[in-house]
Each structure stands twice: as C-alpha cells, then as structure tokens.
Amino acid sequence: MSSDKAGSAPVVTQPLQFHVPRPASRPGEKPDFSDVVIPKAGSVARPPVDVDPKDIRDLAYSIIRVLNREGEAVGPWAPDLSHDDLIRGLRHMMTLRTFDGRMQMAQRQGKTSFYMQHTGEEAVSCAFRIALQPGDMNFPTYRQAGLLIAHDYPLVDMMCQIYSNERDPMKGRQLPVMYSSKEHGFFSISGNLATQYVQAVGWAMASAIKNDTRIAAAWIGDGSTAESDFHAALVFASTYKAPVVLNVVNNQWAISTFQGIARGGSGTFAARGLGFGIPALRVDGNDYLAVYAVAQWAVERARRNLGPTLVEYVTYRAGAHSTSDDPSAYRPKHESDDWPLGDPLIRLKQHLIAVGAWSEERHKQAEAEILATVIAAQKEAESFGTLHSGGKPSARDIFEDVYAELPPHLRRQRQQIGV
Ligand SMILES: Cc1ncc(C[n+]2csc(CCOP(=O)(O)OP(=O)(O)O)c2C)c(N)n1
C-alpha cells in the first residue's frame, strides 16, 4: 500500500487483524477469575447521596462489599437491617432457589416447555425489592423473579403462568417465566432484550412530569447492554435526570458469550454511566447486605429528585442459561465453584449464624418448611393444568387484548376457528 501524496502517510505492509475478545478459560481448562479484582469487605467509602457524580468515579471501578470471609457485616455500607429482616431475606432467597429447583424438574418432566433459573443471583432481586416502596415500578428481565417472591406475589400464580394453564394470569399467551403484575410493581416481561430499559426511563420521566413520588427501576443483563436501547436509556435518563435506578446484572455470561464481548475494553459496565454524567456504583451481587445498601442509596437519590444511578451487580450465573442450554459446551464444568464471591444464600446464612440469629438446625427446618410450601403451591397450580394435561386457557383468549376492542377482522378469525 502506498499514498498518492509522497510522504503524507506511512506505508503499511501488515494485514489487518480482526479482534475478538476471549474468555479466560474454556471447557477442559482451569477456571480463571484473576481479572476480577475483589476489594476487602468494608473498604469502599460511602458518599452522601447528593454527591457530585464526578467525585465518585472510582466507585465504578471498585466493588462495594459488606460481608467479609468471617460472615461479619463491616464498613460504611453495612445497612440498618434487623435480624428479622435478614432472616426474611434469607427465606426469600431460599424460596426462589427451591422454586427454581421444582420448576426445572417440572420442565424435565414435560409439565412445561421452558424454564430459566436464578442460581447464584438470588440476592440481587430479593434484596433490591426490599429497598423499594409501594407504587415503585420494576422493569425486569426474565431473571428477576426474586422481585415477585420478595413482594409476596403468590407462588401458585407464578406456577400457573409457567404451566400456561387455565389459571395462568397471562392466559397462555406468553413464554414461561414472562410474568407481569402491575400491583406488584413488576412490568410485563418482553422476550426482546433491553426494550424494558428505555421504557423504565420513560416511566420515570412520566412520574416526574406528573409530580408523583414513585420511582422506576430498570433491569438488564451484561450481554444486553450491547443493545442500542441500553444507550438510549442512558441518554434520556441523564438529560432529564429521570428518577430511575439503572441496574446491570453482570453474571459474566450471555448464554455462551462471555461478558467481555459486550463490555469490550471499557473496564466495567458501571463505567458506562460515567460518560453520561450518571453516578455509577459496582457492588458484590452475592452479598445480600451490600445489594440492599446500594439499592437503598440509589433509590433515595431517585426519590430525592437527584436523578439516575447506574448500579452494576457483580455476580455469576451458576446454572444453565435456560432449560434449553448446556453450559458445559462453552465454559469449564465447575467454573462456578471457583467464583470468588461465593454463594449468596450461604453467605447470608453464615452471617446470621455469626451474629447468633440463626443455626444449622433452624436452617434445615426452614429448608423443609419452604420445600413443603413450594410443593403445596405446585400441587395447587397443577390442579389447574400443566402443559399437556388438565385445564387450558380458552382459545378465545387468543383474540382478546390485541386491541382494547375486538375489531371486525379478529371477530371473523375467531368465528372461523369456532370459539
Ligand atoms: C433482541 C434480542 N436478541 C437476542 C435474543 C436472544 N437472547 C435471549 S437471552 C440472551 C442472552 C442475554 O444475556 P444477558 O443480557 O447477559 O442476560 P442473562 O441471560 O445472562 O441474565 C439472548 C441473546 C433476544 N431474546 N432478544
């Protein structure tokens, strides 16, 4: 290659090379998390909520942690939660994990077509929910059912949705796990990734326009931050100082794609907020206390009209992406055992034992009670039908709610199938 104007550009002889980021390890190799730098619990400062975002840029590159190795709650972020609150939180996480186990099995038994588990990520949605107030609205992904469980949404209704049976609140129109409950502050889940992120910002803008007091919480996975709606959401949130908490759940994987593909060389997902002037925090997503404390901080900022906060939850997707996925095809089989932030249930359990509010016996007893509750809910849900047996939503429901009123062409189609 040479240039027209002699001497204006160097002569390049090397061919270009396409760059594709690679995960640290693949199946058969040793898991390697050496690039995940874990600060000591309690070591990150807690700024006031009205801090100038440019003064806390370093929080986008660190990890806020409360629970240390000994199970003690340490440092300025240790939240003001009673032992009873924490026991309730532990029970929410245990319920979600037990629910996941039963529904995963139900899928393998052919009672439903599909399921997605939360294994390892239970603290994120369960603790966040506790920081919200009635009327606030979450715009979740498919991996935040803890928002429903920690808000006492009936397990039977969740299961009826998963079974698409005659009591399915979604009337069989949606893929399993795509719940919706306005009353529980849980916006309808869409299969199209990231769409909810920008909608959450719009909802928050509307709340401010109406001089309401309610705030929104947007949710997205690491992989989905590569979608354009993520970037549009940050522009609008930043420009209009929308009362929204922008959550990014970095569980390291987007199906078979490691998080470096979506992140590129930016450093962290939290750091994405900095270019928009949005304060950004990174938190240990497997630390129930830290998640709650950071959520509370971000929620207070939004509620006090100080604008959006971006929060990156550093966690690990310990299970398969879904019942249609086999992670051993793309990552080391036991990679989750090496995840340096451990298991959120075990860490909260150890904390409660360390402070004398819990014991192995009480834990076993709670496990048994929760399993009995989940099985009872499952029996009840199955009495309304499962995928291939029992009650089903009416075929008439296919035509309802496409529009507010049934238009003539849909009426004709309904008549054609004789319902
Ligand atoms: C617009 C769009 N593209 C692709 C998909 C297919 N898809 C479903 S989940 C998923 C991975 C998302 O990963 P991430 O955002 O990291 O969330 P996670 O599943 O890890 O919780 C993909 C690519 C989709 N549903 N929508």
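Reading the values: the criteria
Residues numbered from 1 in each chain as written. Predicted model: local features only at pLDDT ≥ 70, side-chain atom pairs only at ≥ 80, totals over all residues. Heavy atoms only, no water. Core = buried A, V, L, I, M, F, W, Y, C linked by side-chain atoms within 4.5 Å. Buried < 20%, exposed > 50% of the residue type's maximum accessible area, 1.4 Å probe, protein only. Helix = DSSP H or I, 4+ residues; strand = E, 2+ residues; numbered from the N terminus. Contact = heavy atoms within 4.5 Å. Polar contact = N/O pair within 3.5 Å; in protein donor to acceptor, adjacent residues only side chain to side chain. Expected span 1.5 Å × (residues − 1). Pairing = 2+ DSSP bridges. Near = heavy atom within 4 Å. Areas by Shrake-Rupley, 256 points an atom, 1.4 Å probe, with all protein chains shown as cover. Nonpolar A, V, L, I, M, F, W, Y, C, P; charged D, E, K, R; others polar. UniProt positions renumbered as here; feature names shortened; annotations may be inferred. Axes fitted to C-alpha atoms, helices over the stretch in contact; angles between N-to-C directions. Parallel < 35°, antiparallel > 145°, perpendicular 65-115°, else oblique. Left-handed = near helix turned anticlockwise from the far one by under 90°.

### So, the nonpolar core
(1) Moving on: If you look at the biggest cluster of nonpolar residues, it comprises 79 residues, and the most contacted ones within it are Trp77, Phe99, Phe128, Met158, Tyr179, Tyr288 and Tyr313.
(2) Moving on: A per-element tally of this core places helix α8 (residues 288-303) first, with 12 residues.
(3) Moving on: Other than its neighbours up to four places away in sequence, tyrosine 288 contacts Leu81, Leu86, Gly89, Met93, Ala123, Cys126, Ala127, Ile130 and Leu348.
(4) Moving on: Counting 28 residues, the second-largest nonpolar core is a separate cluster that includes Ala218, Ala237, Ala262 and Leu274.

### Here's the deal with the side chain of glutamine 378
(1) Moving on: In this structure, glutamine 378 sits in helix α10 (residues 360-382).
(2) Moving on: At 2.8 Å, the side chain of glutamine 378 and the side chain of arginine 102 are in polar contact.
(3) Moving on: Beyond its immediate stretch of four places on either side in the chain, glutamine 378 contacts Arg102, Met103, Ala106, Lys111, Met159 and Tyr163.

### Describing helix α5 (residues 195-209)
(1) Moving on: In this model α5 runs 22 Å from its N-terminal to its C-terminal C-alpha over 15 residues, within 8% of the 21 Å that 1.5 Å per residue would give.
(2) Moving on: The set of residues buried in α5 consists of Gln196, Tyr197, Ala200, Val201, Ala204, Met205 and Ser207.
(3) Moving on: Close packing links the buried residues of α5 with β1 (137-139), β2 (216-221), α6 (228-239), β3 (244-250) and β7 (309-314).
(4) Moving on: The first or second residue beyond α5 is asparagine 211, which carries a positive phi of 55°.

### So, the pairing of β7
(1) Moving on: Among the 6 residues of β7, 6 are classified as buried, and the element is accordingly described as predominantly covered.
(2) Moving on: Side chains Thr309, Val311 and Tyr313 of β7 all project onto a buried face; the interleaved residues Leu310, Glu312 and Val314 project onto the opposite face, where all are buried too.
(3) Moving on: Here β3 runs beside β7; their pairing, made up of 6 bridges, is parallel. The residue bridging leucine 246 from the neighbouring strand is leucine 310, located in β7.
(4) Moving on: Here 5 bridges tie strand β6 (residues 280-284) to β7, and the two strands are oriented parallel to one another. Of the residues in β7, the one forming a bridge with arginine 282 is glutamate 312.

### Remarks on the site of the ligand
(1) Moving on: Close to the ligand lie 15 residues; Tyr142, Arg143, Gly191, Ser224 and Trp253 are nearest.
(2) Moving on: At 2.9 Å from an oxygen atom of the ligand is found a side-chain nitrogen or oxygen belonging to asparagine 251.
(3) Moving on: Here an oxygen atom of the ligand sits 2.7 Å away from a polar atom, N or O, in the main chain of tryptophan 253.
(4) Moving on: In the complex, the protein chains occlude 70% of the 590 Å² of accessible area that the ligand would expose alone.
(5) Moving on: Here the shell around the ligand is composed, by residue class, of 5 nonpolar, 7 polar and 3 charged.

### Some remarks on the UniProt feature "domain: Dehydrogenase E1 component" (unreviewed entry) in the protein chain
(1) Moving on: The residues that UniProt annotates with the feature "domain: Dehydrogenase E1 component" (unreviewed entry) are residues 92-386.
(2) Moving on: When the span residues 92-386 is considered, its composition is 41% helix and 11% strand, and the gap between its end C-alpha atoms is 25 Å.

### A word on unusual backbone geometry
(1) Moving on: The phi dihedral of serine 164 is positive, around 50°, even though this residue is not glycine.
(2) Moving on: In this structure, serine 164 sits in the loop between α4 (155-163) and α5.

### Details of the packing of α5 against α6
(1) Moving on: One can describe the packing of α5 onto α6 by two numbers: an axis separation of 7 Å at closest approach and a directional angle of 15°. In terms of orientation, α5 lies roughly parallel with respect to α6. Between α5 and α6 lies a crossing whose hand is left-handed. Contacts between α5 and α6 pair Thr195, Tyr197, Val198, Val201 and Met205 from the former with Asp229, Phe230, Ala232, Ala233, Leu234, Phe236 and Ala237 from the latter.
(2) Moving on: Classifying every residue of the contact of α5 with α6 gives 10 nonpolar, 1 polar and 1 charged.

### With respect to the sheet that holds β7
(1) Moving on: Taking strand neighbours across the sheet as the criterion, the 5 strands line up as β1-β2-β3-β7-β6 in an open arrangement whose pairing is parallel. Two strands lie at the open edges of the sheet, namely β1 and β6, each paired on one side alone. Here the average twist between neighbouring strands, direction ignored, is 20°.
(2) Moving on: Across the sheet, α5 lies against β1, β2, β3 and β7, angled at about 170° from β2, the strand it touches most.

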